[in-house]
Amino acid sequence: MSKPQDGFVSRFLNRPISRCITRFLLKFPIHPNWWTISIFVIGAAIFQAFSIVDGCDGEIARAKNLESKFGERLDNFCDFLASLFYVLALGRGLHHLSEGIVCAALITANEWLLRGGKSGMWVASSALHESFYARHRGMIGHSGLLNLGERFVWWLFQLTKRDMAVFVFLILALLGLADWILHLWTIVAAATLVLSAIAALRSGLGHGDFVTREPRS
């Protein structure tokens, strides 16, 4: 039941395990398409579980007063790697590896721009400012996005944050629309990269600060 395209890991590790699972599954009236959908549901559920427990490190740090810049950078880096692995695995599983690679490239480019941008600036009102991570504030302030209104920007980012995205991915997987997980992630990653690029350009030229204001004392 192996395939000639299998690599060394698939042939000598993955296949022996999957064949044992397959022998068990063959006892039940399972259609292969149902199992394909189930795999994406399981994968999305695991990613949702990862999103849940991902908050524990920050909660532990705050409870023990052990917050640090290194811990924040480590958490961001691990989240970044998890996103890359997810889109690449999703692309391979959906036989859209090229789209997965494009999405991973967009995520990487955006991460690079965010790290290189100005993050210490004050963004609009206190309520809006506190809603964003420091690494996103420069992009929001310099991109001109706030010209659309603070409330609009707040809702836009709430609906595209990682926790909301992962939950939507789980719903899509349950509905058998796993393809749209990759499509939506690619669209959002591309849009975010455009905003980050605009912010980096305007920041370099000294533009965009007019949409920000300092906090009142």
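So, a few notes on the structure that sits alongside this text. (Residues numbered from 1 in each chain as written. Predicted model: local features only at pLDDT ≥ 70, side-chain atom pairs only at ≥ 80, totals over all residues. Heavy atoms only, no water.)

## Some thoughts on a nonpolar patch on the surface
Convention followed: Like charges are joined within 9 Å and nonpolar side chains (Val, Leu, Ile, Met, Phe, Trp, Tyr) within 5 Å, but only among residues with over 30% relative accessible area and no salt bridge; these make up the patches. Each accessible area is a Shrake-Rupley result for a 1.4 Å probe, and residues are judged covered by the shown protein chains and nothing else. The working definition used for a salt bridge is a side-chain nitrogen of Lys or Arg within 4 Å of a carboxyl oxygen of Asp or Glu. Going along the chain from the N terminus, every DSSP run of H or I of four or more residues is numbered as a helix, and every run of E of two or more is numbered as a strand.
A cluster of nonpolar side chains, namely Trp-155, Leu-159, Met-164, Phe-167, Val-168, Ile-171, Leu-174, Leu-175, Leu-177, Trp-180, Leu-184 and Ile-187, defines an oily patch on the protein surface of about 1100 Å² accessible area. Taken together, the elements giving at least two residues each to the nonpolar patch come down to α8 (150–160), α9 (162–174) and α10 (178–205). For the nonpolar patch, the leading source of residues is α9, giving 5 residues. By the element assignment, Leu-177 lies in the loop between α9 and α10.

## A short note on the nonpolar core
Heads up, the rule is: Buried residues of nine kinds, namely Ala, Val, Leu, Ile, Met, Phe, Trp, Tyr and Cys, make up a nonpolar core once their side-chain atoms join them within 4.5 Å. Buried, partly exposed and exposed residues are distinguished by accessible area as a fraction of the type maximum, computed with a 1.4 Å probe on protein chains only: under 20%, between the cut-offs, and over 50%, respectively. Throughout, a contact is declared for two residues whenever any of their heavy atoms are within 4.5 Å.
With 27 residues, the main nonpolar core has Tyr-86, Val-87, Leu-90, Ile-107, Ile-181 and Trp-185 as its most contacted residues. Secondary structure elements with two or more residues in this core: α2 (32–53), α4 (69–93), α5 (97–116), α9 and α10. Not counting residues up to four positions away in its chain, the partners in contact with Trp-185 are Phe-47, Ser-83, Tyr-86, Val-87, Cys-103, Ile-107 and Phe-169. Ranked by size, the runner-up nonpolar core spans 9 residues in total, among them Met-139, Ile-140, Leu-145 and Val-153.

## Comments concerning α5
Basically, it comes down to this: A helix is expected to span 1.5 Å multiplied by its residue count minus one.
Between the first and last C-alpha of α5 there are 29 Å, a value that for 20 residues agrees with the 28 Å anticipated at 1.5 Å per step. Buried within α5 we find Glu-99, Gly-100, Cys-103, Ala-104, Leu-106, Ile-107, Asn-110, Glu-111, Leu-113 and Leu-114.

## Focus on the packing of α2 against α9
Heads up, the rule is: Lines are fitted to the C-alpha atoms to define the axes, a helix being fitted only along its stretch in contact, and any angle between axes, read from their N-to-C directions, falls within 0 to 180 degrees. Oblique is the label for any angle not covered by the other classes, which are roughly parallel (under 35 degrees), roughly antiparallel (over 145) and roughly perpendicular (65 to 115). Throughout, a crossing is termed right-handed when the near helix is turned clockwise from the far one, and left-handed when it is turned anticlockwise from it by less than a right angle. Here the term charged refers only to Asp, Glu, Lys and Arg, the term nonpolar to Ala, Val, Leu, Ile, Met, Phe, Trp, Tyr, Cys and Pro, and the term polar to all other amino acids, Gly among them.
Packing of α2 against α9 leaves a shortest axis separation of 8 Å and a crossing angle of 160°. In this view, α2 runs roughly antiparallel relative to α9, as classed from their interaxial angle. As α2 packs across α9, the resulting crossing turns out to be left-handed. The segment α2 lies against α9, with Ile-37, Phe-40, Val-41, Ala-44, Ala-45, Phe-47, Gln-48, Phe-50 and Ser-51 engaging Arg-162, Asp-163, Val-166, Phe-167, Phe-169, Leu-170, Ala-173 and Leu-174. Its residues assigned to classes, the contact of α2 with α9 shows 13 nonpolar, 2 polar and 2 charged.

## Here we look at the side chain of Ser-83
What counts here: Here a polar contact is recorded for every N or O atom pair within 3.5 Å, except that within protein the pair must consist of a potential hydrogen donor and a potential acceptor, and residues adjacent in sequence are included only if both atoms are side-chain atoms.
Its place among the elements puts Ser-83 in helix α4. Accessibility expressed as a relative area gives 7% for Ser-83, which makes it buried. A polar atom in the side chain of Ser-83 sits 3.1 Å from the side chain of Arg-162.

## Side note on the packing of α2 against α4
Contact pair α2 / α4: the axes reach a minimum separation of 12 Å and the direction vectors enclose 175°. Taken together, α2 and α4 sit at an angle that is classed as roughly antiparallel. Contact with α2, carried on its side by Phe-40, Gly-43, Ala-44, Phe-47 and Phe-50, involves Asp-79, Ala-82, Tyr-86, Leu-90 and Gly-93 of α4 and no other residues of that element. Per-class residue counts for the contact of α2 with α4 are 7 nonpolar, 2 polar and 1 charged.

Nothing here speaks to function; it is geometry throughout.
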